[in-house]
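Descriptive structure summary
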Amino acid sequence: MTADLMDQTTGAGAGEDAAAEKIRGIRERINEIDKTIIDLWLERSALSQEVGKTRMASGGTRLVLAREREIIEHFREALGPDGTQVALLLLRSGRGPL
């Protein structure tokens, strides 16, 4: 049986191999992006905690609600309704639960 006929009868062959390779490459890039997101998330959280500690040490409040609203709005504008949830998670990771 020729390769072309095998492709037609089994659905396997070069097309599936090419698709599998493409998917593998895309997933590798997704993994790289995920690592970057995690690294940036952790860095942002540490910086946010440092801001809070510095603010409190100077007599300020732990939170600045206007700043939090600004961040939530920025994420909502950029990402739509899910952006609000992303922003809330980021804020919580930086200050801890209220």
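The structure contained in this document is the topic of the report that follows. In this text the structure is predicted, and so the values were computed from the model without any measurement.

1. Considerations on the overall build of the protein
A count of helical and extended segments in the protein gives 4 helices and 0 strands. Each helix and strand of the protein, placed in order from N terminus to C terminus, yields the pattern α-α-α-α. Carbon and sulfur atoms make up 60% of the accessible area of the protein, which amounts to about 7700 Å² in all.

2. What about the nonpolar core?
Of all hydrophobic cores here, the largest spans 5 residues; its members are Ile71, Phe75, Ala87, Leu90 and Leu91. Every element with two or more residues in this core is listed here: α3 (65-79) and α4 (81-95).

3. Here we look at the packing of α3 against α4
Look at α3 against α4: their axes get within 7 Å of each other, and the N-to-C directions meet at 145°. Crossing hand, α3 versus α4: right-handed. Across the interface between the two elements, Glu68, Ile71, Ile72, Phe75, Arg76 and Leu79 of α3 pack against Pro81, Asp82, Gly83, Thr84, Val86, Ala87, Leu88, Leu90, Leu91 and Arg95 of α4. Looking at the contact of α3 with α4, its residues break down into 10 nonpolar, 2 polar and 4 charged.

4. Concerning α3
For α3, with 15 residues, the first-to-last C-alpha span of 21 Å sits near the 21 Å given by 1.5 Å per residue. What α3 keeps buried is the set Glu68, Ile71 and Phe75. Down the axis of α3, the buried side of the element spans an arc of 60°, and every buried residue falls inside it. The exposed set on the far side of α3, more than 90 degrees from its buried face, consists of Arg69, His74 and Glu77. Contact partners of the buried residues in α3: α2 (14-57) and α4. Downstream of α3 by one or two residues, glycine 80 has phi in the positive range, about 80°.

5. Thoughts on α4
Relative to the 21 Å expected for 15 residues at 1.5 Å per residue, α4 spans 22 Å between its end C-alpha atoms, a close match to the ideal helical length. Every buried residue belonging to α4 is among Gly83, Ala87, Leu90, Leu91, Gly94 and Arg95, and all of these are buried. Down the axis of α4, the buried set is contained in an arc of 115°. They therefore lie on one face. Turned more than 90 degrees away from the buried face of α4 sit Pro81 and Asp82, all of them exposed. Its buried side turned inward, α4 meets α2 and α3. One or two positions beyond α4, positive phi appears at glycine 96, with a value near 85°.

6. Here we look at the side chain of serine 45
Topologically, serine 45 is positioned in helix α2. Residue classification places serine 45 among the buried positions, given a relative accessible area of 9%.

Rules and cut-offs
Residues numbered from 1 in each chain as written. Predicted model: local features only at pLDDT ≥ 70, side-chain atom pairs only at ≥ 80, totals over all residues. Heavy atoms only, no water. Helix = DSSP H or I, 4+ residues; strand = E, 2+ residues; numbered from the N terminus. Areas by Shrake-Rupley, 256 points an atom, 1.4 Å probe, with all protein chains shown as cover. Core = buried A, V, L, I, M, F, W, Y, C linked by side-chain atoms within 4.5 Å. Buried < 20%, exposed > 50% of the residue type's maximum accessible area, 1.4 Å probe, protein only. Axes fitted to C-alpha atoms, helices over the stretch in contact; angles between N-to-C directions. Left-handed = near helix turned anticlockwise from the far one by under 90°. Contact = heavy atoms within 4.5 Å. Nonpolar A, V, L, I, M, F, W, Y, C, P; charged D, E, K, R; others polar. Expected span 1.5 Å × (residues − 1). Arc of directions from axis to C-beta.

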